[in-house]
Amino acid sequence: MSKTDRPSSHGVNTRLAHSGHDPKSFFGFVNPPVVHASTVLFPDAATMVSRDQKYTYGTHGTPTTDALNTAIDELEGSEGTVAVPSGLAAVTLPFMAALSAGDHLLVVDSVYSPTRNFCAGMLARFGIETTYYDPAIGAGIDSLMRPNTKLVHTEAPGSNTFEMQDIPAIAEVAHAHGALVSIDNTWATPLYFKPLDHGVDISIHAATKYPAGHSDILIGTVSANKTAWPAIKRTFSMLGICAGPDDAYMTLRGLRTMGIRLARHQESALTIARALETMPGVARVLHPALESFPGHALWKRDFCGSSGIFSIVLDVADPARQQRKAHAFLDALEIFGLGYSWGGYESLAVHANLSDRTIALPPKEGPVIRLQIGLEDVEDLMVDIERGLAAARSA
Ligand SMILES: *Cc1c(COP(=O)(O)O)cnc(C)c1O
């Protein structure tokens, strides 16, 4: 089935189970082939120059990457998608596509830190200036728009502290000034937020996280609407940053179960977040689906679910004791692993480093511990967290 003849009335799990590959197109095999390719042969010299052969070279796409990209297009409602070798590559591709020397870029201050590194370390060298803005700015972003502002980059919720953004309000202002809008939609996945329906032009995913889902793959996707797609496709070809065939295949495999995995991540994370709100030693829980969270109303208005990662703020006001307490919490954990990234089946914890923030400043109450709630049993995870809190209290 192609994306045009698939009823959009089907539920999301039905679409996840069947999108991207038509078994009839490959001898009835349920899954698409993993095509390892640089060279593609042409039948004759005329076809070589005619450009009407579907596949021409490995970097430009294969049946395997097409299967993944088509599945993502169905979920995002996008005109086109490309798969790149990491989530970070997915964040930077739209910047390279939309910006030129002398242009100005607006980036939310609660952005994924390596995105900030790219702006300071690479874009600045090419004469592109970045201004950071308050995640709560909404339509107020109008005051930061300049005649040379070409792109507004959003991330909702923000990394580590989960600030929500009024995406439709920002998109309306950006478009009125002729700028494009990109979003790092990794937290929600297209199942829980569909950015292109809310005015965003380019939606990117660290598909390393929930789509791949098993902490064993690095991959990113960039999906664009009709306006932004030609520049994304052109820039992708110029850079040659194509995802590998095995990674593309495994990510499509991950998508098949993403709906049920996310439902479980959502339920477990919310149960734990709610319990932590009243736990001694916890000053605050940063989770958009909690009624107590400042951005909750925006989350409720625009999102249709929450995923498995949120943060707690430990109650340690004295800055001199924050690191020791945070480390005591982490070192007492037996099920949660200490490690970066998230979206896999296993639980993880990190002490978030927020030292690069200039506007969305770190909470004053204490250190921020980010928790990725995996697919383990909630009762076991709660015992582990209580063990961590007890260790932090006595440290
Ligand atoms: C992890 C992450 C990325 C980067 O993904 P990698 O595949 O690890 O490069 C980008 N954005 C967000 C919000 C992330 O959490």
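Residues numbered from 1 in each chain as written. Predicted model: local features only at pLDDT ≥ 70, side-chain atom pairs only at ≥ 80, totals over all residues. Heavy atoms only, no water.

1. Side note on the packing of helix 3 (residues 63-76) against helix 9 (residues 245-276)
Their axes nearest at 8 Å, the elements helix 3 and helix 9 cross at an angle of 35°. Note that helix 3 runs across helix 9; the crossing there is left-handed. Within the contact between the two elements, helix 3 uses Thr 64, Thr 65, Ala 67, Leu 68, Ala 71, Ile 72 and Leu 75 and helix 9 uses Pro 245, Ala 248, Tyr 249, Thr 251, Leu 252 and Leu 255. Its residues assigned to classes, the contact of helix 3 with helix 9 shows 10 nonpolar, 3 polar and no charged. (Axes fitted to C-alpha atoms, helices over the stretch in contact; angles between N-to-C directions. Helix = DSSP H or I, 4+ residues; strand = E, 2+ residues; numbered from the N terminus. Left-handed = near helix turned anticlockwise from the far one by under 90°. Contact = heavy atoms within 4.5 Å. Nonpolar A, V, L, I, M, F, W, Y, C, P; charged D, E, K, R; others polar.)

2. Some words on the site of the ligand
The ligand sits among Ser 86, Gly 87, Leu 88, Tyr 112, Glu 155, Ser 159, Asp 184, Ala 206, Thr 208, Lys 209, Leu 218 and Trp 342. Between the ligand and the protein, one listed contact pairs an oxygen atom with a side-chain N or O atom of Thr 208 at 2.6 Å. Alone, the ligand offers 380 Å² of accessible surface; in the complex the protein occludes 90% of this. Here the residues of the shell around the ligand sort into 5 nonpolar, 4 polar and 3 charged. (Near = heavy atom within 4 Å. Polar contact = N/O pair within 3.5 Å; in protein donor to acceptor, adjacent residues only side chain to side chain. Areas by Shrake-Rupley, 256 points an atom, 1.4 Å probe, with all protein chains shown as cover.)

3. Here's the deal with the pattern of salt bridges
Applying the stated criterion across every chain, the model contains 15 salt bridges. We note a salt bridge from Arg 301 to Asp 166, for which the minimum N-O separation is 2.7 Å. Taken together, the residues Arg 301 in helix 10 (residues 296-302) and Asp 166 in the loop between strand 4 (149-155) and helix 6 (167-176) connect sequence positions 135 residues apart. For Arg 301, a relative accessible area of 48% corresponds to the partly exposed category. Bridged by salt links that share partners, the residues Asp 109, Arg 116 and Asp 356 form one connected network. (Salt bridge = Lys/Arg side-chain N within 4 Å of Asp/Glu carboxyl O. Buried < 20%, exposed > 50% of the residue type's maximum accessible area, 1.4 Å probe, protein only.)

4. Digging into the domain arrangement of the chain
How large an interface is tends to be reported as the accessible area lost when its parts come together. When the domains of the chain are assigned, the result is domain 1 (12-255) and domain 2 (258-394). Summarising the inter-unit geometry, the C-alpha centres of domain 1 and domain 2 are found 27 Å apart. If you look at the interface, domain 1 gives 39 residues, while domain 2 gives 41 residues. In total, about 3,500 Å² of surface goes out of reach between domain 1 and domain 2, with carbon and sulfur atoms giving 61% of it. For domain 1, the biggest contributors to the area lost against domain 2 are Trp 187, Tyr 192 and Tyr 210; these three give 26% of the whole. For the interface between domain 1 and domain 2, the tally reads 3 salt bridges. The salt bridge involving Arg 116 is made with Asp 356; its shortest N-O contact spans 3.4 Å. Along the contact surface separating domain 1 from domain 2 lie 23 residue pairs in polar contact (both at pLDDT 80 or more). Residue assignment for the side of domain 1 that touches domain 2 shows that the elements contributing at least two residues are helix 1 (12-18), helix 5 (113-123), strand 3 (129-133), helix 7 (189-192) and helix 9. Top element by residues in the side of domain 1 that touches domain 2 is helix 7. It accounts for 3 residues. (Domains from an automatic or database assignment. Buried area = accessible area lost by both parts, 1.4 Å probe.)

5. So, the sheet that holds strand 12 (residues 368-372)
Strand order in the open sheet made by the 5 strands is 8-9-12-11-10, with mixed pairing throughout. The open sheet is flanked by strand 8 (282-286) and strand 10 (337-338), the only strands paired with a single partner. Here strand 8 runs beside strand 9 (residues 309-314); their pairing, made up of 4 bridges, is antiparallel. Bridge pairing links Val 282 to Leu 314 in strand 9. With respect to the sheet, helix 9 is in contact with strand 8, strand 9 and strand 12, its orientation differing from that of strand 9 by roughly 15°. Strands in contact with helix 11 (residues 319-332) are strand 9, strand 10, strand 11 (348-351) and strand 12; relative to strand 11, the strand with the most contacts, it is inclined by about 170°. (Pairing = 2+ DSSP bridges.)

6. Here's the deal with helix 6
Ile 167, Ala 169, Ile 170, Ala 171, Val 173 and Ala 174 are the residues of helix 6 that are buried. Check the buried side of helix 6 and you find it contacts strand 3, strand 4 and strand 5 (180-184). Once helix 6 finishes, Gly 178 follows within two positions and takes phi at roughly 80°, a positive value.

7. Let's talk about the pairing of strand 3
Taking burial as the measure, the 5 residues of strand 3 include 4 buried ones, the bulk of the element. As judged from the 5 bridges shared by strand 2 (residues 104-108) and strand 3, these two strands associate in the parallel manner. By the bridge assignment, Val 108 is partnered in strand 3 with Tyr 133. The parallel pair strand 2 and strand 3, bridged by helix 5, forms a crossover whose chirality is right-handed. (Right-handed = clockwise from strand over helix to strand, strands pointing away.)

8. Section: the sheet that holds strand 4
Pairing is mixed across the open sheet formed by 7 strands, whose spatial order is 1-7-6-5-4-2-3. Each edge of the open sheet carries a strand with a single partner, namely strand 1 (80-84) and strand 3. Adjacent strand axes in the sheet meet at a mean angle of 20° when their direction is disregarded. As judged from the 5 bridges shared by strand 1 and strand 7 (residues 220-224), these two strands associate in the antiparallel manner. Each bridged residue has a counterpart across the sheet, and for Val 82 the counterpart in strand 7 is Val 222.

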